[in-house]
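Listed below are the residues making up each chain.
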Amino acid sequence: MKQVITGFHAIEEKARSACESGEISGLSLYYSKIGPRVKKILDVAHTAGLPCTQVDGKFLDSLVQGLNEVARDHRGIVLVDENVAESRLNEVNFDTWIAQSNLSEKRSTILVLDSITDPHNIGAILRSCDQFGVNLVVMPQRNSVGNVSENEIIARSSAGASAYVPFAVVKNLNRAVQKIKEANFWIYGADAGGESVQNLTFPAKTCIVMGSEGTGISRLLEEQCDSIVSIPTCGKIDSLNVSVATGVLLYERYRQGL
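Residues numbered from 1 in each chain as written. Predicted model: local features only at pLDDT ≥ 70, side-chain atom pairs only at ≥ 80, totals over all residues. Heavy atoms only, no water.

1. A closer look at the pattern of salt bridges
Argument step 1. Tallying each qualifying case throughout the model produces 10 salt bridges.
Argument step 2. The partner of K14 in a salt bridge is D81, with the nearest N and O atoms 3.9 Å apart. Within this pair, whereas K14 is found in helix α1 (residues 8-21), its partner D81 is found in strand β4 (residues 77-81), the two being separated by 67 residues in sequence. With respect to burial, K14 and D81 carry one shared label: buried.
Argument step 3. Of the charged contacts in the structure, one is a salt bridge between K179 and D95, with a shortest N-O distance of 2.8 Å. (Salt bridge = Lys/Arg side-chain N within 4 Å of Asp/Glu carboxyl O. Helix = DSSP H or I, 4+ residues; strand = E, 2+ residues; numbered from the N terminus. Buried < 20%, exposed > 50% of the residue type's maximum accessible area, 1.4 Å probe, protein only.)

2. What about the nonpolar core?
Argument step 1. Counting 26 residues, the largest nonpolar core has L111, L113, C129, V137 and M210 as its most contacted members.
Argument step 2. Put simply, the parts of the chain that give this core at least two residues each are β5 (108-113), α6 (119-131), β6 (136-140), β8 (186-196), β9 (205-210) and α10 (242-256).
Argument step 3. When residues no more than four places from it in sequence are discounted, the contact partners of M210 are L111, V112, L113, D114, I116, A190, I217, V242, A245, T246 and L249.
Argument step 4. Counting residues in each nonpolar core, the second largest holds 21 residues, with I98, V138, I187 and I217 among its members. (Core = buried A, V, L, I, M, F, W, Y, C linked by side-chain atoms within 4.5 Å. Contact = heavy atoms within 4.5 Å.)

3. What to know about unusual backbone geometry
Argument step 1. Even without being a glycine, S115 presents a positive backbone phi close to 60 degrees.
Argument step 2. If you trace the backbone, S115 turns up in the loop between β5 and α6.
Argument step 3. One non-glycine residue, N184, lies in the positive phi region at around 75 degrees.
Argument step 4. For N184, the location among the structural elements is in the loop between α8 (173-182) and β8.

4. Concerning the sheet that holds strand β3 (residues 52-54)
Argument step 1. The 4 strands lie next to each other as β1-β4-β2-β3, forming an open sheet whose pairing is mixed. Single-partner strands in this sheet number two, and they are β1 (3-5) and β3. Between one strand axis and the next, the sheet turns by 20 degrees as a mean value, whatever way the strands run.
Argument step 2. Across the sheet, helix α2 (residues 36-48) touches β2 (27-31), β3 and β4, and the angle it forms with β2 is around 155 degrees.
Argument step 3. Contacts from helix α3 (residues 57-64) reach β1, β2 and β4, with the element oriented near 45 degrees to β4. (Pairing = 2+ DSSP bridges. Axes fitted to C-alpha atoms, helices over the stretch in contact; angles between N-to-C directions.)

5. A word on the packing of helix α5 (residues 94-102) against α8
Argument step 1. Viewed as axis vectors pointing N to C, α5 and α8 meet at an angle of 15 degrees, and their least axial separation amounts to 9 Å. Relative to α8, the element α5 is oriented roughly parallel. Relative to α8, the crossing made by α5 is right-handed. Between α5, through F94, D95, I98 and N102, and α8, the contact on the second element is made entirely by A176, K179, I180 and E182.
Argument step 2. For the contact of α5 with α8, the class distribution of residues is 4 nonpolar, 1 polar and 3 charged. (Parallel < 35°, antiparallel > 145°, perpendicular 65-115°, else oblique. Left-handed = near helix turned anticlockwise from the far one by under 90°. Nonpolar A, V, L, I, M, F, W, Y, C, P; charged D, E, K, R; others polar.)

6. Some details on the pairing of β8
Argument step 1. The pairing of β8 with β9 spans 4 bridges and is classified as parallel. Bridging from a neighbouring strand, G189 pairs with V209 of β9.
Argument step 2. As paired elements, β8 and strand β10 (residues 227-230) share 5 bridges and run parallel to each other. Its bridge partner being in β10, Y188 is matched across the sheet by S227.

7. A look at a nonpolar patch on the surface
Argument step 1. A grouping of L240, V244 and V248 is seen on the molecular surface, where their side chains present a nonpolar patch of about 210 Å² in accessible area.
Argument step 2. Mapped onto the fold, V248 is located in helix α10.
Argument step 3. The class for V248 is partly exposed, based on a relative accessible area of 33%. (Patch = residues over 30% accessible without salt bridge, like charges linked within 9 Å, V, L, I, M, F, W, Y side chains within 5 Å. Areas by Shrake-Rupley, 256 points an atom, 1.4 Å probe, with all protein chains shown as cover.)

8. Looking at the packing of aromatic side chains
Argument step 1. Summed over the entire model, instances satisfying the criterion amount to 5 aromatic pairs.
Argument step 2. Where Y30 meets F59, the ring centres are 5.4 Å apart and the plane angle is 55 degrees; that geometry is what we call tilted. A residue pair is termed long-range when its members are at least 10 positions apart, and Y30 in strand β2 and F59 in helix α3 qualify at 29 residues.
Argument step 3. Looking at F59, the relative accessible area reads 34%, which means it is partly exposed.
Argument step 4. When the ring of F132 is compared with that of Y254, the centres are 5.8 Å apart and the planes differ by 45 degrees; the resulting orientation is tilted. In this pair, F132 sits in the loop between α6 and β6 while Y254 sits in helix α10, placing the two residues 122 residues apart along the sequence.
Argument step 5. Taking the relative accessible area as the measure of exposure, Y254 reaches 36% and is therefore partly exposed.
Argument step 6. Aromatic ring contacts, followed pair by pair, group F132, Y251 and Y254 into a single cluster. (Phe/Tyr/Trp six-rings, centres within 6.5 Å; stacked < 30°, edge-to-face > 60°.)

In short, the description is geometric, and any link to function would need to be established separately.
Right under this line is the structure:
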C-alpha cells in the first residue's frame, strides 16, 4: 500500500522519525524547487539516507492527484511511502502494551477516543498528545477515522505527530477500557457537569476518555468511568471543540506531573 504525504511539518517529522529509527525502506522524497523549508527537510532526509529526487511540478501534481483538496497543495515537496504496513512504527498491540504496563509502576497516561470521526480533530489531538507526553492513544476499529498512519489529513493536522504518538486500534472499546482498569488505571470521562478539573489531582496511572463530536461518550463506556471531569468555561455556546478540550485536559495532566 502506498501513502503520499504532503505538508512541510508532516514530511519533516516523518523524515526525522525515519532518521531516528533507521527504517527508510520504501520511503522516497520528491521535490521541485529548493526554498528554505524544503532545504531543511532535504538535510534531514539526506541524514536519514532517504532517496531524494528533484522533479518538475507536473510530476508532483500527478503524485497527489488522488488526495483531498487540502492535501493536494504539496508546496513543492512530496514524501511517498511505498510500504505503509511496515512503517507503522508507532502502532502497538494493545494487549501487549497493557500487559507490560501492568508490570510497571511508572506514571502513564492513556487517551481513549470514543468514535471521533473528524480527521482534523484526530490530528490536533495527536499533536497535543505529543506535546503533553501521552503514552498511548486507543481508538475503536469501527466508527472512527481508521488507521492514523494512512490518513494524510491526520498527518498534516498533527504537524507530523502522527508519526510519533503510540496508538492502538481495538475491536471492542468497552472491553479495552476494562483491561485498562485491570491494569490499575483510573478512568476519567470528559463531559459537561462533571467534577471541575481544577479540583482534581490525577493519579500516576490515568486514562482520559473523550467522546465523539456529536453524542459524547457512549453510555456503556461512561458507566466504566471512575469519575466524570469537566472544564470550567464562561462562554455562551455549549462546549469546547473535542480537540481543544482534549488539549486542555492533557495540559493539566502534564502540569500536575511537573
